[in-house]
Amino acid sequence: MKIAVLGAGAWGTALAAAAAPRHEVLLWTRDAAQAAEIAATGRNTRYLGDEPLPAGLRVSADRDAALAHCEGGLLVVATPMAGLREHLGSLPDERPALWACKGFESGTGLLGHEIARELRPGAAGGVLSGPSFALEVLRGQPTALVAASESDALAAAAVEAFHSESLRVYTARDIVGVEVGGAVKNVLAIATGIGDGLAATGLNARAALVTRGLAEMTRLGVALGGQAATFMGLSGLGDLVLTATGDLSRNRKVGLALAAGKALPDILAELGHVSEGVYSAATVLQRARALGVEMPITEAVVEVLEGRVSPETALRRLMGRQSKAE
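Definitions and limits used
- Residues numbered from 1 in each chain as written.
- Predicted model: local features only at pLDDT ≥ 70, side-chain atom pairs only at ≥ 80, totals over all residues.
- Heavy atoms only, no water.
- UniProt positions renumbered as here; feature names shortened; annotations may be inferred.
- Helix = DSSP H or I, 4+ residues; strand = E, 2+ residues; numbered from the N terminus.
- Buried < 20%, exposed > 50% of the residue type's maximum accessible area, 1.4 Å probe, protein only.
- Polar contact = N/O pair within 3.5 Å; in protein donor to acceptor, adjacent residues only side chain to side chain.
- Contact = heavy atoms within 4.5 Å.
- Pairing = 2+ DSSP bridges.
- Axes fitted to C-alpha atoms, helices over the stretch in contact; angles between N-to-C directions.
- Arc of directions from axis to C-beta.
- Domains from an automatic or database assignment.
- Salt bridge = Lys/Arg side-chain N within 4 Å of Asp/Glu carboxyl O.
- Nonpolar A, V, L, I, M, F, W, Y, C, P; charged D, E, K, R; others polar.
- Right-handed = clockwise from strand over helix to strand, strands pointing away.

Under an unreviewed UniProt entry, the name given to the chain is Glycerol-3-phosphate dehydrogenase [NAD(P)+], and the organism recorded is Rubrivivax gelatinosus. Per its UniProt entry, the chain bears the Sequence similarities (unreviewed entry) comment "Belongs to the NAD-dependent glycerol-3-phosphate dehydrogenase family." Taken verbatim from the UniProt record of the chain, the Pathway (unreviewed entry) comment is "Membrane lipid metabolism; glycerophospholipid metabolism."

Laid out in structure tokens, this is it:
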């Protein structure tokens, strides 16, 4: 199969590397200097350190060449959420596309499938999601993902492209549920990082935040048209547990740093990568309120990110909420 991956960040590079041993893969980056460095060194040091990439992986800063390469094959958009509209909007109407972005679009509050439906209502589209740190995928450590699409052919293409001995790809049709899980878990991971970073909390608090966060995620997902069962799967519970507890999680790192008293601009500058939860939190809350969905943990995260309350105050408010049936 001929595959083009748009976006040479950590996740785009890892996906391209995972497929390269079996397929003809072209990784695109808008940064010509980065393309030259990856080609020369066989590494993406900016995002993945000194981990070697497969010898057969090609890299280019020519987007037209990337699109031509995968004609009749598989196109994967692996940019941050902010870049999805740009790439989908410039594709031919009939070109199928898979995206690996997790989040809500800033400003519009739209999920990936909603952007795709607005721009290309007749084209097949889908999302690749699930509990996955890019570095572990690049190293070939066991990982499971889910490819969700209303197009069985596109989901099957995702399996053919990425399924291997170390990377298991399941398929699903509930694209709404899969996308909501992938977006909301980032916000909840910030909450868990905050909880873990406060000296007065412990593992009990972490378990409560993850469990009640899953309830929030499910309520919003069902209200948006997703299926409740989806949130007990890879893109829901699985991705939430990984992102909320894993040391490689950027969103968790943001929460830990907020609990340590660091300012958000400094945290993001030190991080050096996009933390989708920071950009999605207010949008998640906005969509929840519009649907009448209660999301107290998300609301607390937004208040901390916006500097309206301290992490300690946010936690006290959550613990002080009136008791009710689970």
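K.L.:
Where do I start with the side chain of Arg252 in this structure?
P.N.:
Within the fold, Arg252 resides in helix α12 (residues 250-259). With relative accessibility at 8%, the residue Arg252 sits in the buried group. A distance of 2.4 Å separates polar atoms of two side chains, one belonging to Arg252 and the other to Asp196. When neighbours within four sequence positions are excluded, Arg252 is seen to be in contact with Ala189, Thr192, Gly193, Asp196, Arg206, Thr243, Ala244, Thr245, Gly246 and Asp247.

K.L.:
Got a minute to help me understand the UniProt feature "binding site: substrate" (unreviewed entry) in the chain in this structure?
P.N.:
Under the present numbering, the feature "binding site: substrate" (unreviewed entry) in UniProt falls on Lys102, Arg250 and Asn251. Annotated residues spanning 150 residues; largest pairwise C-alpha distance 13.1 Å, indicating a single compact cluster. Mapped onto the elements of the fold, Arg250 is located in helix α12. Accessibility expressed as a relative area gives 32% for Arg250, which makes it partly exposed. Excluding residues that lie within four positions of it along the chain, Arg250 makes contacts with Leu271, His273, Val274 and Ser275. Of note, Asn251 is situated in helix α12.

K.L.:
What am I meant to see in the environment of Tyr47 here?
P.N.:
With respect to the secondary-structure elements, Tyr47 resides in helix α3 (residues 45-48). When the C-alpha atoms of Tyr47 and Gly272 are compared, they prove to be 8.6 Å apart, with 225 residues separating the residues in sequence. Setting aside chain neighbours within four positions, we find Tyr47 in contact with Ala8, Gly9, Ala10, Gln34, Gly272 and His273.

K.L.:
I tried to follow the environment of Ala183 on my own but got confused; where do I start?
P.N.:
Along the chain, the position of Ala183 falls in helix α9 (residues 175-197). In sequence terms Ala183 and Lys102 are 81 residues apart; their C-alpha atoms lie 4.9 Å from each other. Excluding anything up to four places from it in sequence, Ala183 contacts Lys102, Gly103, Phe104 and Leu111.

K.L.:
Can you help me understand the sheet that holds strand β5 (residues 97-99) in this one?
P.N.:
Strands in a sheet are paired, the pairing made by backbone hydrogen bonds, and the direction either parallel or antiparallel. Read across the sheet, eight strands follow the order β3-β2-β1-β4-β5-β6-β7-β8 without closing on themselves; strand pairing throughout is mixed. Each end of this open sheet is capped by a strand with a single partner; those strands are β3 (58-60) and β8 (167-172). When the angles between neighbouring strand axes are averaged without regard to direction, this sheet yields 25 degrees. Taken strand by strand, helix α11 (residues 234-245) contacts β6 (125-129), β7 (143-149) and β8, and its axis lies near 145 degrees from that of β7.

K.L.:
Which parts of the structure should I look at to understand helix α2 (residues 32-41)?
P.N.:
Since one α-helical turn is 3.6 residues long, residues separated by three or four positions face the same way. For α2, every residue scored as buried is listed here: Gln34, Ala35 and Ile38. The arc enclosing the buried residues of α2, seen along the axis, measures out at 100 degrees, which places them on a common side. Residues Ala32, Ala33 and Ala40 are exposed on α2 and point more than 90 degrees away from its buried face. Regarding α2, its N-cap is Asp31, as a side-chain oxygen of that residue lies 2.9 Å from the backbone nitrogen of Ala33 further along.

K.L.:
Sorry if this is basic, but what is going on with the domain arrangement of the chain here?
P.N.:
Interface size is often expressed as the accessible area that is lost when the parts come together. Split into domains, the chain comes out as domain 1 (2-173) and domain 2 (182-320). Taking only C-alpha atoms, the centre of domain 1 and the centre of domain 2 are 25 Å apart. If you look at the interface, domain 1 gives 23 residues, while domain 2 gives 23 residues. Here Asp239 and Lys102 are joined by a salt bridge, their closest N and O atoms 2.7 Å apart. Our count for the contact surface shared by domain 1 and domain 2 stands at five residue pairs in polar contact (both at pLDDT 80 or more). When residues in the side of domain 1 that touches domain 2 are grouped by element, the largest group, three residues, is from β7. Broken down by class, the residue content of the side of domain 1 that touches domain 2 amounts to 13 nonpolar, five polar and five charged.

K.L.:
Help me out: how do you make sense of the pairing of strand β4 (residues 74-77) in this one?
P.N.:
If a strand is regular, its side chains alternate between the two faces of the sheet. The side-chain alternation of β4 yields two buried faces, one formed by Leu74 and Val76 and the other by Leu75 and Val77. Inspection of the sheet shows β4 paired to β5 by two bridges, in the parallel sense. The residue bridging Val77 from the neighbouring strand is Trp99, located in β5. Note on the crossover from β4 through helix α5 (residues 84-89) to β5: the handedness is right-handed.

K.L.:
When you look at the side chain of Thr283 in this model, what are you seeing that I'm missing?
P.N.:
Among the structural elements, Thr283 can be located in helix α14 (residues 276-290). Beyond its immediate chain neighbours, meaning those up to four positions away, Thr283 contacts Phe104, Glu105 and Gly109.

K.L.:
It is not clear to me how the pattern of salt bridges should be interpreted in this structure. Could you clarify?
P.N.:
Oppositely charged side chains can form a pair if their charged atoms are brought close together. All chains considered together, the criterion is met by 17 salt bridges. Between Arg308 and Glu303 there is a salt bridge, with the nearest N and O atoms lying 3.8 Å from each other.

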